[in-house]
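# Fold and contact review
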Number of protein chains: 2
Amino acid sequence: VRVSELGEDALLARITARLDDPAPGEVWTGDDAAVVAAPEERCLLTTDLLVEGLDFELAWFTGADVGWKSLAVNASDIAAMGGLPRHAVAALALRQDASVDLVDGIVDGMRDACRCWGVTLVGGDISGGSDIAVSVAMTGAVARPVLRSGARVGDEIFVTGSLGGAASGLAALRAGVEARARFPTLVERQLRPRARVDAGVALARAGATAMIDVSDGLAVDLARLLEASGVGCAVDPDEIPIDEGVMALARAYPEIVSDPLEAALLGGEDYELLFTIEATEGRAPLEEVSCTRIGTIVAGAARVGGRELDEWRGRGWQHLQSP
Amino acid sequence: VRVSELGEDALLARITARLDDPAPGEVWTGDDAAVVAAPEERCLLTTDLLVEGLDFELAWFTGADVGWKSLAVNASDIAAMGGLPRHAVAALALRQDASVDLVDGIVDGMRDACRCWGVTLVGGDISGGSDIAVSVAMTGAVARPVLRSGARVGDEIFVTGSLGGAASGLAALRAGVEARARFPTLVERQLRPRARVDAGVALARAGATAMIDVSDGLAVDLARLLEASGVGCAVDPDEIPIDEGVMALARAYPEIVSDPLEAALLGGEDYELLFTIEATEGRAPLEEVSCTRIGTIVAGAARVGGRELDEWRGRGWQHLQSP
């Protein structure tokens, strides 16, 4: 069944039936706007748009993967402020020939991601279009937001988890090397990214001085943090935590990933948290957060090993630019 | 200059420079999420997506018109709850060949609309795509939200302003009848809709029992209000306030508008407020709000004159459905 056969009102009713029931005293779908409790502290607000063919390809992504990822990338933005995600609204652009099954999948994926991070999807909009596009906006609550601009000279630079997996997963899918069977963790990182919400909250409490999520690649996002803070860095490339799956993929298929370090530095969509914190003399800032110290904030230039960060940065993912 | 030549970071910097500076203690663009003061009361949240070719055509709309309208339709949703719009985020999908001038225009139109309704644009996202699409999400604050579901038998039904203008304006533009010169008020209603924010707040204070904005046409939106409230109506078609420009257009070009009443009942995008309120014996509920009593809430069927509302409703605008 195609969405054009169902019509807007029937599709909205179908979507609403797949979502949770509203909390007492709140209005979610079905009115002009959702009515929810205001955050007790400061309010965070973010939006991210995923477009078919650019941010996801339906050859690899199920509807549920698209729905999941559209929520995850927003929750990651809230996490990168040290906040807790609260409410989301979603706008869908659908081609006339889009199947109702696809829409069901998108909604189910959103719902599952919402439950994972304690977010509530409270409303949305549907329109047509030439692409499938999903635009989610999310609110969050935060007592002390951790900005990109707070890094100080002498702070240590850490990153949670490991890097390069999501971009390598996409490369493996595109290369058609039985990626799902042989490199499932990489595929999972591409299709079902995890927002580091618990880590973000814990790091904010622990005194992280600056934080950003690694969405466009470490080189690009590190440069953004440094620029916002007006500082430089000395990063040791040997300390950058490369995803183990990337190493395995590079060994098996060097034509897909020739340089694992480059994959970790330039590959986007890992949604790990890059943060700075007052020097802790090598100790992890928090036992409960798995993270790796990759360098130090300095007053001078931004360097990764012997090279300027800008040399790396120019090769990272830039939306809108022709390849 | 095309957006693909400029690149994402340069485009974002250009957009940010066109916007207002953040309020003290707040973070707007430039970080992972915006940080704003939480509403004192309950929080409203809504989103609306405008897609080129469906919701606007660049043959008629300047970038500034698109930007304005994308904000207005969201502010109208907040107004229809009796709330005050607060903060907005915008996601833009841009074709590679979109001009930077177009983007500048969209941002300027958003900024002007924000100033008109006291909203602050605090962030956004940019992606590519096959269409130009603008997705805005908006928060609002409200003490007592006016829902669609509160209409009671015996309440009177009112609508603010006049109806049919926006759809007739589009019809005139499409027919190429020197619409801008001869029917400027109709064209304005299509390109630059006004959200009835002041009216919504005043009507909530005055005790409106149910409210909805007329976005998809009176017949469709009235049916939504009645369905949510579980009631019927007796509407007098002679009382429906038809836009004077629609009457003039129908006289001059009956082939464009053959039936002004049908234009007022079925034409969408007027963004007037349709509301119910305890019977006031014909008096306007509020002197400061220009509105017209069009009928009464009843226990039985929904009728407009001698016809069932459903007969009308089926002809109103439905997104996604083939014409």
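Residues numbered from 1 in each chain as written. Chains lettered and ligands numbered in written order. Predicted model: local features only at pLDDT ≥ 70, side-chain atom pairs only at ≥ 80, totals over all residues. Heavy atoms only, no water.

### A closer look at the interface of chain A and chain B
Between chain A and chain B, the contact holds 69 residues from the first and 69 residues from the second. The interface formed by chain A and chain B contains four salt bridges. The partner of Asp31(A) in a salt bridge is Arg148(B), with the nearest N and O atoms 3.8 Å apart. Taken together, chain A and chain B are joined by 19 residue pairs in polar contact (both at pLDDT 80 or more). Ranked by residues supplied to the side of chain A that touches chain B, first place goes to strand S2 (residues 42-51) of chain A with nine residues. Here the residues of the side of chain A that touches chain B sort into 35 nonpolar, 19 polar and 15 charged. Of the pairings in the sheet, the one linking S2(A) to strand S1 (residues 34-37) of chain B comprises four bridges and is antiparallel in character. Looking at the pairing, Cys43(A) lines up with Val36(B) of S1(B). (Contact = heavy atoms within 4.5 Å. Salt bridge = Lys/Arg side-chain N within 4 Å of Asp/Glu carboxyl O. Polar contact = N/O pair within 3.5 Å; in protein donor to acceptor, adjacent residues only side chain to side chain. Helix = DSSP H or I, 4+ residues; strand = E, 2+ residues; numbered from the N terminus. Nonpolar A, V, L, I, M, F, W, Y, C, P; charged D, E, K, R; others polar. Pairing = 2+ DSSP bridges.)

### Some thoughts on helix H4 (residues 100-117) of chain A
Residue and element names in this part refer to chain A. Compared with an ideal rise of 1.5 Å per residue, which puts 18 residues at 26 Å, H4 spans 26 Å between its outermost C-alpha atoms and is within 8% of the ideal. In terms of burial, H4 is a largely internal element, 14 of the 18 residues being buried. Positioned one or two residues after H4, Gly 118 has a phi angle of 65°, which is positive. (Expected span 1.5 Å × (residues − 1). Buried < 20%, exposed > 50% of the residue type's maximum accessible area, 1.4 Å probe, protein only.)

### Structural notes on the state of the cysteines
All names here are of chain A. Applying the stated criterion across every chain yields a total of zero disulfides over all chains. Free cysteine Cys 114: the closest other cysteine sulfur is in Cys 116, separated by 10.0 Å. For Cys 114, a relative accessible area of 4% translates into the label buried. (Disulfide = S-S within 2.5 Å.)

### Considerations on the packing of aromatic side chains
Where two aromatic rings form a pair, the distance of their centres and the angle of their planes describe that pair. Under the criterion given, the structure shown has eight aromatic pairs over all chains. Geometrically, the ring pair formed by Phe158(A) and Phe275(A) is stacked, given 5.5 Å between the ring centres and 10° between the ring planes. Of this pair, Phe158(A) sits in strand S6 (residues 156-160) while Phe275(A) sits in strand S9 (residues 273-277), placing them 117 residues apart in sequence. A relative accessible area of 0% places Phe275(A) in the buried class. Aromatic pair Phe183(B) and Tyr253(B): ring centres 6.3 Å apart, planes at 75°, arrangement edge-to-face. Taken as a pair, Phe183(B) in the loop between helix H6 (179-182) and helix H7 (184-191) and Tyr253(B) in the loop between helix H10 (244-252) and helix H11 (260-266) lie far apart in primary sequence, 70 residues in all. Accessibility classification places Phe183(B) together with Tyr253(B) in one group, the buried group. (Phe/Tyr/Trp six-rings, centres within 6.5 Å; stacked < 30°, edge-to-face > 60°.)

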